[in-house]
Structures are given as C-alpha cells and as structure tokens.
Amino acid sequence: MKKIKNLIVGAGLSGAILAERIADEKKENILVIDKRNHIGGNCFDYLDKNGILIHKYGPHVFHTNFEEVWNYLSKFTKWNYFFLKPRALIDGIKATLPFNLNTLYQVFPKSMAENFEKKLIEKFGYNVKIPILELKRKDDDLKFLANYIYENVFLNYTKKQWGLKPEEIDENVTARVPIYISRDDRYFQDKYQGIPLNGYTKMVENILNNSLIEISLNTDFRDVKNEIDYEKLFFTGAIDEFFDYEFGELPYRSLNFDIQEKEVEYYQETAVINYPNNYDFTRICEHKYFLNQKSNKTVISIEYSEKFVLGENERYYPIENPKNKNLYEKYLKYSKSLKNVYFLGRLGDYKYYNMDLTVDRALNFFENQIK
Ligand code: FAD
Ligand code: UDP
C-alpha cells in the first residue's frame, strides 16, 4: 500500500494551489491525483495544430478585485491584459453585452434610446449596475425596456443554460450580468483582468512544480482509495460522489462543446458571442482572441448546455437554489464527522465559484485550517 502524508483529489486550481501551499510552507509530501489525463481542471487549455491555445472547457477570462489573489497567481504566470467584450445576438444585431447605454442605441431608434438613457440615469444614476429581475420588478415607465431586455437577453438564454426561467434560479446568477448604466463595454469591471500569457495549463504546471508534489493522472479516487494510506485527504471532486450519494444526488448542469476548425482568419468579431434566442446553443467562443494569436485558420467552440446525468457527462455548474443548498448542507455536516478529510473547490463546496473565488478559497483554507 502506498503511504503518503497528504492526498489531494483533483489537479484543478483548488488542488494545485493547496498542494503548492502545503509543499512550500509545510515542506510535506503530497500526492495529487486526477481522473482526467491532464492537470488544470476546467481551466485546462492546449495548443492545437495551428498553434492556437484552446480553452477545452469553455472560455476562461481571469478577473478579480482581490489583490492577494492576483499577486499569488502572478508568481506563476505573466499576463496578457485582456478585457472580455462579448456581444449578444438581439433581433439580428450583434449587440453589446452586458446591456448598457451603447446597447440602447444599437437596438432602438435614436429618439427612443435617448429617452431610455435619460430615464435610466435620472432614476438610478450613472455607472450603476442593476440586475434584470430588479429592473423588471419596478412598476414604472421603464417597464417596456425591462421586459425587452428580459425577453431578448435573459429568458431564453437562461432556459437553455439552466433548463429554468430566470425567476426559478438564485437571483445572483442573472445578476452576474447586470444592466450597466455606462458606456463601458467590458464584461467585467474588476481591477485586475487577464489571460495567463502561456495559458492556464502552464500556470497550473508552474504552481505544481515542486519536488515534494507527485502527480498521478488518469487516476480516479474511487479506484485507488483502498490502495493509498494517507494522513490527510483533500477532496476537490463532487462531495455527493464522495459519500456515494447517501442523501441523494446534487444536481448540476453539464455542457457539450462542439470544437470546430474554420478555414478563415476570423470567424466572428470578438472572443465570445452569446445567442440568447433562435439557436440551441448558448454561445460561440473564438479562441485565438484570448492571446491575440495569428493564424490563417481559426478555432471556435459552440457551447450547448445540458442536464448532468451520472455516468454520461461531466459536472460543470452547481445549481444554487435553497433546495440544493439544503442537500449540500447535509453532506457538509456529515463530512465534519470525518477526521482529516476536507472538501473544497467548485465541486467540493458546491458553489458557483469564478476562478478568483476558487483561488481565494484555497488560500484561505490553507491559512485558516491547515497551516
Ligand atoms: P475543477 O476545475 O472542476 O477541478 C476539479 C478536478 O477534480 C477535475 O480536474 C476533476 O477531473 C477532478 N476530479 C473530480 N472527481 C475526481 C475523482 N473522483 N478522482 C480524481 N479526480 C477527480 N471562472 C472565471 O473566473 N472566469 C471565467 O471566464 C470562467 N469561465 C468558465 C467557463 C465554464 C464553461 C466553466 C465550467 C467554468 C468557468 N469558470 C470561470 C470557473 C472556473 O472553471 C472554476 O472556478 C475553476 O476551474 C474551479 O477549479 P476547481 O479546482 O475547484 O475545480
Ligand atoms: N445570462 C443570460 N443571457 C446572456 C448572458 C447571461 O441570460 O446573454 C444569464 C444566464 O442565466 C447565465 C447567467 O446570466 O447563466 C450568468 O452568465 P455568465 O456569463 O456569468 O455565465 P458563465 O460564464 O458562468 O457561464
């Protein structure tokens, strides 16, 4: 039986950062296992035959206001300072997203747009963000605009993405993309934004580059758990899977990426275009934009959302609502009865973490519970 001090399940951002912290600060041995054939988790990217870096599991743009998180990652990568400026197809127009003052002029006649702009600023002020469901609840002369945005941007996209209407999911989800009373076309306004200059996989490889860290890929915890004698276990996979679905399955949304090479220099105007209406897919990503790569060809991925079905596809999004949170809390409570077993990460915590929250969680977890 293999003996190891620390076993980490999952070589994504959570697992890699925790391994680095334990190795660097505590000088202990760590074995990191992952069932996939690569490190990086869902941030994984790879160079294709045209030299374009492909985000295998969907577009990943790093953004944060946490200086500590930015400084930590900056020890392992240089950055391409990149601002995501996506578009959404609305009434046949590739319009600015998040819906902002510029979008008003793209989709409405000028006099109407001017009128909405004036009313929005009068009511809410300038440089203010309003979640769609909040705007929709206001029973006033902005009702037409609220319904227009709801129906053209949010309703069908959310139904495709979650299989639910915007009112049926946690309000924080649609609030991620608020109506923005501004002319700032960036998807995020965080202080720090970028793409690792040599890709996410290289960044995670650098994080894991420590002689105390051993990595074993193509290794599912379920297959090896009785063959490894560990003192501490850190699990960044799905918490319900760990407990053999004792209390029932936690629901997730899954994705299907149709990755296609195109014989043109550019396929679309920008890195990400959302398709709220008319198509089965949610968005199309053109990968060469992230690092401004040059090639005669281009690669796109068309993203379809689907229900997660155990054994058939992968978990990508926890579905945060009171019922599911309740079920997760049961697992969390149960997990506290185990000694030296810890859960973290997007799957371990069942939380819709962006990368910066994932990093923040791993760093804080180490500081507060392990150091
Ligand atoms: P994961 O990356 O899921 O890693 C968990 C790892 O554990 C996986 O490699 C898995 O194979 C492994 N594992 C699971 N179970 C087992 C087992 N039984 N045995 C062995 N290994 C196991 N965040 C942003 O900030 N900006 C973005 O633009 C952005 N875009 C995203 C787009 C999509 C489509 C998705 C799905 C997520 C996006 N994110 C984005 C979020 C980001 O991917 C996560 O915050 C981050 O990857 C979470 O890291 P993690 O290590 O917790 O989980
Ligand atoms: N959303 C939408 N239309 C859009 C973009 C987003 O309805 O064009 C909603 C949808 O419910 C989505 C949520 O806002 O799931 C969050 O969007 P985000 O782009 O943050 O999702 P992610 O990048 O995590 O998939």
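The rules behind the values
- Residues numbered from 1 in each chain as written.
- Chains lettered and ligands numbered in written order.
- Predicted model: local features only at pLDDT ≥ 70, side-chain atom pairs only at ≥ 80, totals over all residues.
- Heavy atoms only, no water.
- Salt bridge = Lys/Arg side-chain N within 4 Å of Asp/Glu carboxyl O.
- Buried < 20%, exposed > 50% of the residue type's maximum accessible area, 1.4 Å probe, protein only.
- Helix = DSSP H or I, 4+ residues; strand = E, 2+ residues; numbered from the N terminus.
- Core = buried A, V, L, I, M, F, W, Y, C linked by side-chain atoms within 4.5 Å.
- Contact = heavy atoms within 4.5 Å.

Points about the pattern of salt bridges
- Taken as a whole and assessed by the stated rule, the structure comprises 28 salt bridges.
- Notably, a salt bridge pairs Glu 28 with Lys 26, separated by 3.7 Å at the nearest N-O pair.
- Residue class for Lys 26 comes out partly exposed when judged on its relative accessible area of 26%.
- Among the ionic pairs, Lys 110 bridges to Glu 114, the shortest N-O distance being 3.3 Å. Of this pair, Lys 110 and Glu 114 are both found in helix 4 (residues 110-124), 4 residues apart, which corresponds to roughly one turn of the helix.

Considerations on unusual backbone geometry
- A cis amide bond links Leu 97 with the next residue in sequence, Pro 98, at an omega value of 0°.
- Counting through the fold element by element, Pro 98 comes out in the loop between strand 8 (93-96) and helix 3 (101-107).
- One non-glycine residue, Tyr 350, lies in positive phi territory at about 50°.

Structural notes on the nonpolar core
- Ranked by internal contacts, the top residues of the largest apolar core, which has 78 residues, are Phe 99, Leu 104, Phe 108, Leu 120, Leu 145 and Ile 149.
- Those residues in contact with Leu 104 that lie beyond four places of it in its chain are Phe 99, Ala 113, Phe 116, Glu 117, Leu 120 and Leu 145.
- Grouped together as the second largest cluster of nonpolar side chains are 34 residues, Leu 31, Tyr 57, Phe 235 and Leu 327 included.

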